[in-house]
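# Structure at a glance
Listed here are the chains, written in short residue letters.
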Amino acid sequence: MHVLAVSRRTPRLPVRLTVLLRAAVLGLLTALALVCAHPTPAAAADGDVSWRVRTGANAYGDDRSSFSYAVNPGGTVEDTMVVTNRGRTPLRLAVYASDGYTTDAGQLDLLTRDKKSTGVGVWTRPEVTAVTVAPGKSADVPFTVTVPENATPGDHVGGLLTSLKQADTAAGINVDRRLGLRVAVRVGGELKPRLAVEDAHLDYHGSAGPFSKGSATVTYTVHNTGNALLSGRQEVAVEGPFGWLRTAAGDLPDTPALLPGERWKVTVPVADVAPGVRLTATAKVLPLLTDASGSTTPLKPVEGTAGAWAVPWTLTLLVLLLIAVVTAIVLLARRNRARRKAREAALVRDAVKAALG
């Protein structure tokens, strides 16, 4: 697991834009440090400042990518994070814990220190609030995770962070470089892993060609309504009445692992959809439950549906025009036959009248 905190000077950019870009970069870097599954220690570097964090070697293991525990309400675990200074100057880092959440990019991130935690960020208590590490040396940061008696069963995720604030004279701001490891706690009790597909919606975009197909856009929200960390395998298809003219969206990526209560909005374009007058879109999601060992168990799929009108107007107008032309031809033929018969009848009457004299 590797992360690099970078501080670049950008004098040509406005200060506000510089701040936004820097915040985005740092947030991304922190997220990478937290979600990467490779057991390599996370690291940050910027000039003479460079450090890394890793799990301590103990009864929980000596080659872990993050901290993961199964604890009953009221239980406590003790563990250690190791901080190594890879720079050339002494390093003093703040140490704290905070709750985790899933970003819009689908990555796990942690609340900043000014945000209030209510779960793992409160349960996790480092033995020190700051650590000083000499160049080339390592320091242990023991910590405890105490699960309250009234904690809800299921998965709770947060992280243990090291933080270094430095002044950026070019931008006129303080930059907070954060580096940490994920702390995942499964609280004992009944595990209820559930996902729901909500707010499904279908838009159809037709084509002017009478025999051309159009495209559709299917949107929906995947909601983790249970108490376990879940991702979902997605399938989307659009079909006409009685399942006719079915068009699948193709391979879709799995949703990110969602914490209990979190939602993930999905937009899926579907190409080459025939205008079947009344279309129905179906979004099916197969929940995937991953246990502490990393094995994944698929659960009962859930789905949501939405409908939309897809009338082939150009083809309909063409058909109506053909019907009108055929009807006109038939009516005109009938009129001509009637006139011919009237003329023949008149000729017969005139001939009879002339013969009778």
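For the structure itself, look to the data block above.
Because the structure is a prediction, the values reported are computed rather than measured. Once a new chain begins, its residue numbering starts again from 1 and follows that chain's sequence as written. At least 70 in pLDDT is required for a residue's local features to be given in this predicted model, at least 80 for side-chain atom pairs to be given and counted, and no such filter applies to totals for whole chains, interfaces and linings, which use all residues. Excluded from the side-chain calculation are hydrogens and water; included are all heavy atoms of the structure.

### Let's talk about the overall build of the chain
Note on conventions: DSSP H or I runs of at least 4 residues are helices, E runs of at least 2 residues are strands, and numbering of each starts at the N terminus. Within the chain one finds 3 helices and 19 strands. Partly exposed describes any residue whose relative accessible area lies between the buried limit of under 20% and the exposed limit of over 50%, with all areas from a 1.4 Å probe on protein chains only and scaled to the type maximum. Counting the 357 residues in the chain, one finds 39% classified as buried. Of all intrachain contacts in the chain linking residues separated by at least 6 positions in sequence, the fraction that spans at least 24 positions is 72%. Per-residue accessibility takes into account occlusion by the displayed protein chains alone, with areas from the Shrake-Rupley method and a 1.4 Å probe. Summed over its atoms, the accessible surface of the chain is roughly 19900 Å², and 56% of this surface lies on carbon and sulfur atoms. In this analysis, two residues are considered to be in contact whenever any of their non-hydrogen atoms come within 4.5 Å of each other.

### Examining the sheet that holds strand S13 (residues 214–224)
A pair of strands is labelled paired if DSSP reports no fewer than 2 bridges between them. Ordered by their spatial adjacency, 3 strands build an open sheet running S12-S13-S16, and the pairing between neighbours is antiparallel. Looking at which strands have only one partner, the edges of the open sheet turn out to be strand S12 (195–205) and strand S16 (263–273). The average undirected angle you get between the axes of adjacent strands in this sheet is 20°. Looking at chain direction, S13 and S16 are connected through 9 bridges and run antiparallel. Counterpart to Val-222 in the pairing with S16 is Trp-264. To obtain an axis, a line is fitted to C-alpha atoms, over the contacting stretch when the element is a helix, and the angle between two such axes runs from 0 to 180 degrees between their N-to-C directions.

### With respect to the side chain of Thr-103
Along the polypeptide, Thr-103 turns up in the loop between strand S5 (91–102) and strand S6 (108–110). Note on Thr-103: relative accessible area 17%, which makes it buried.

### A short note on a nonpolar patch on the surface
A cluster of nonpolar side chains, Phe-211, Leu-318, Leu-321, Leu-322, Val-325 and Ile-329, forms an exposed patch at the surface whose accessible area comes to about 610 Å². Residue class for Leu-318 comes out partly exposed when judged on its relative accessible area of 33%. Patches here: salt-bridge-free residues with over 30% relative accessible area, like charges joined within 9 Å, nonpolar side chains (Val, Leu, Ile, Met, Phe, Trp, Tyr) joined within 5 Å. Any Lys or Arg side-chain nitrogen found within 4 Å of a carboxyl oxygen on Asp or Glu counts as a salt bridge.

### Brief notes about the packing of aromatic side chains
Pairing of aromatic side chains here covers Phe, Tyr and the six-membered ring of Trp, requires ring centres within 6.5 Å, and sorts the geometry by plane angle: under 30 degrees stacked, over 60 edge-to-face, intermediate tilted. In the structure shown here, the tally under the stated rule is 4 aromatic pairs. Their ring planes at 15° and their centres at 6.5 Å tell us that Phe-67 and Tyr-69 sit as a pair that is stacked. Grouping residues by exposure puts Phe-67 and Tyr-69 together as buried. Ring centres of Phe-67 and Phe-143 lie 4.9 Å apart, and the angle between their planes is 75°; on these two criteria the pair is classed as edge-to-face. In this pair, Phe-67 is assigned in strand S3 (residues 67–71) and Phe-143 in strand S9 (residues 138–146), connecting sequence segments 76 residues apart. When its relative accessible area of 0% is taken as the criterion, Phe-67 is described as buried.

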